[in-house]
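Inside the fold
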Amino acid sequence: MAYRIKEFKNGIFALRTRRFGTLAEIMVKKLYGFTFSKCKEYDLKDNDSRIEVKFSTVRKNNDKPIKEENIISECINAKANQRMLQSDEIETNIFDCNIQQVKCDNFDVLYYGLFFADKIEIFRILSKYIKEDKCIKYSDKQHSKSVGEGQFHINNDTYGHHKHWHFLKAMSYNELYKLFKQKR
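Residues numbered from 1 in each chain as written. Predicted model: local features only at pLDDT ≥ 70, side-chain atom pairs only at ≥ 80, totals over all residues. Heavy atoms only, no water.

**Concerning the overall build of the protein**
In plain terms, the rule: Numbered from the N terminus, helices here are DSSP runs of H or I no shorter than four residues, and strands are runs of E no shorter than two. Computation of the radius of gyration draws on C-alpha atoms, with the globule rule given as 2.2 Å multiplied by the number of residues to the power 0.38. Each residue gets one of three labels from its accessible area relative to the maximum for its type: buried under 20%, exposed over 50%, partly exposed in between, using a 1.4 Å probe on protein chains only. Contacts are assigned to residue pairs with any non-hydrogen atoms lying within 4.5 Å of each other. In this tally Asp and Glu are treated as negative and Lys and Arg as positive; neither His nor the chain ends contributes. In plain terms, the charge of a residue is placed at NZ if it is Lys, CZ if Arg, CG if Asp and CD if Glu.
A tally of regular secondary structure across the protein gives six helices and eight strands. Each helix and strand of the protein, placed in order from N terminus to C terminus, yields the pattern α-α-β-β-β-α-β-β-β-α-β-α-β-α. On C-alpha atoms alone, the protein measures out to a radius of gyration of 17 Å, which is about the 16 Å that the 2.2 N^0.38 rule sets for 184 residues. Expressed as lengths along the three principal axes of its C-alpha atoms, the size of the protein is roughly 50 × 45 × 30 Å. With 184 residues in all, the protein has 43% of them scored as buried. A separation of at least 24 residues holds for 68% of the contacts in the protein among residues at least 6 apart in sequence. In the protein, the 34 positive side-chain charges and the 25 negative ones have mean positions that sit 7 Å from each other.

Okay, here's the thing in structure tokens:
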């Protein structure tokens, strides 16, 4: 079973954008009994509450920038599990997780979080506080010409604030695996 959980976790870290986002949406849906939204403006629904879900994997910064002289070796050596960051390593490693494409006007509650190498941390915030809370450092400038869409980073500087004010729960990969195996 331990090997299966390790493969499961490695697979999560290998998922890209939309597939990873769908995994996080299903996780939050199953954890809290929400339903999928019938529109594209937000992910989930809880009675009259519109819920958005945004998660990121936590990885150590890569020390080597890609250059012409090392591009092949960097691609060959790029393995997601080599840069996974344990939750207790955040004091000694630089990390930067981008919570992006945040459209505060389109939802009421944001469930967001971090997939560390050893656990998953889930946070919750009302949309109106994302812009008001200066410690979150929300930027409404994600792309030039994007209106109403922004981002914020969870990194060495902001993690403590998120943990203190918006932390909801932590779970293990074993718990997540069991959650996904449950029938509804």
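That covers the picture; the talk isn't over yet.
**What to know about a nonpolar patch on the surface**
Note the cut-off: Think of a patch as exposed residues, more than 30% relative accessible area, with no salt bridge, where like charges cluster within 9 Å and nonpolar side chains (Val, Leu, Ile, Met, Phe, Trp, Tyr) cluster within 5 Å. Using a 1.4 Å probe, the Shrake-Rupley method yields the accessible areas, and only the shown protein chains count as cover for residues. The rule for a salt bridge is simple: a side-chain nitrogen of Lys or Arg has to be within 4 Å of a carboxyl oxygen of Asp or Glu.
Together, I66, I71, I72 and I76 give the surface a local cluster of nonpolar side chains, amounting to about 430 Å² of exposed area. With respect to the secondary-structure elements, I71 resides in helix α3 (residues 71-76). When its relative accessible area of 40% is taken as the criterion, I71 is described as partly exposed.

**Focus: the pattern of salt bridges**
Per the stated rule, a full pass over the model turns up five salt bridges. The salt bridge involving E25 is made with R18; its shortest N-O contact spans 2.6 Å. Note that E121 is salt-bridged to K119, the shortest N-O span being 3.3 Å. Looking at E121, the relative accessible area reads 0%, which means it is buried. Residue class for K119 comes out partly exposed when judged on its relative accessible area of 22%. One continuous salt-bridge network, built from bridges that share partners, spans K119, E121 and K163.

**Remarks on the packing of aromatic side chains**
Put simply, the test is: Only rings of Phe, Tyr and Trp enter the pairing, Trp through its six-membered ring, and a pair is recorded when the two centres are within 6.5 Å. The plane angle decides the type: under 30 degrees is stacked, over 60 is edge-to-face, the rest tilted. Think of it as a cone above the ring: NZ of Lys or CZ of Arg counts as a charge over the ring if it is within 6 Å of the ring centre and within 35 degrees of the ring normal.
Scanning all chains against the criterion turns up 13 aromatic pairs. In this structure an aromatic cluster arises from ring pairing among F20, F55, F115 and Y173. One cation-aromatic arrangement involves K9 over Y173; the distance from NZ or CZ to the ring centre is 5.8 Å.

**Some details on the layout of surface pockets**
Selection rule: Definitions used throughout: a 1 Å grid over protein atoms alone; a cavity as a set of points that fits a 1.4 Å probe which cannot get out; a pocket as an open set with protein on both sides within 12 Å along at least five of seven lines; a lining residue as one with an atom within 4 Å of a point. Grid points are joined across faces, edges and corners, and a volume is the space filled by probe spheres set on the points.
Reported here for the largest pocket is a volume of approximately 800 Å³. Together, 30 residues line the largest pocket, and T17, F20, F55, N98 and Q100 are the ones closest to its centre. Contributions of two or more residues to the lining of the largest pocket are made by α2 (17-32), β3 (49-57) and β4 (96-102).

**Comments concerning the packing of helix α1 (residues 2-14) against helix α6 (residues 173-181)**
Short version of the rule: The axes are straight lines fitted to the C-alpha atoms, using for helices just the contacting stretch, and the angles between their N-to-C directions are given from 0 to 180°. Roughly parallel refers to an angle under 35 degrees, roughly antiparallel to one over 145, roughly perpendicular to one between 65 and 115, and oblique to any angle outside these ranges. Classification convention: Asp, Glu, Lys, Arg as charged; Ala, Val, Leu, Ile, Met, Phe, Trp, Tyr, Cys, Pro as nonpolar; all other residues, Gly among them, as polar.
Their axes nearest at 10 Å, the elements α1 and α6 cross at an angle of 85°. By the criterion of interaxial angle, the relationship of α1 to α6 is roughly perpendicular. Each of R4, I5, F8, K9, I12 and F13 in α1 lies in contact with α6, whose residues at this interface are Y173, N174, L176, Y177 and F180. Class assignment of the residues belonging to the contact of α1 with α6 gives a composition of eight nonpolar, one polar and two charged.

**Some points on the sheet that holds strand β5 (residues 109-115)**
Filter applied, for reference: We call two strands paired when DSSP finds no fewer than two bridges between them.
Reading across the sheet, the six strands line up as β1-β2-β3-β5-β6-β8 and stay open at both edges, with mixed pairing between neighbours. Either end of the sheet is taken by a strand with one partner, and the two such strands are β1 (35-36) and β8 (167-171). Both β1 and strand β2 (residues 44-46) contribute to a ladder of two bridges, which runs antiparallel. Across the sheet, residue F36 finds its bridge partner in β2, namely L44. Against the sheet, helix α5 (residues 159-166) engages β5, β6 (120-126) and β8, with an angle of about 70° to β6.

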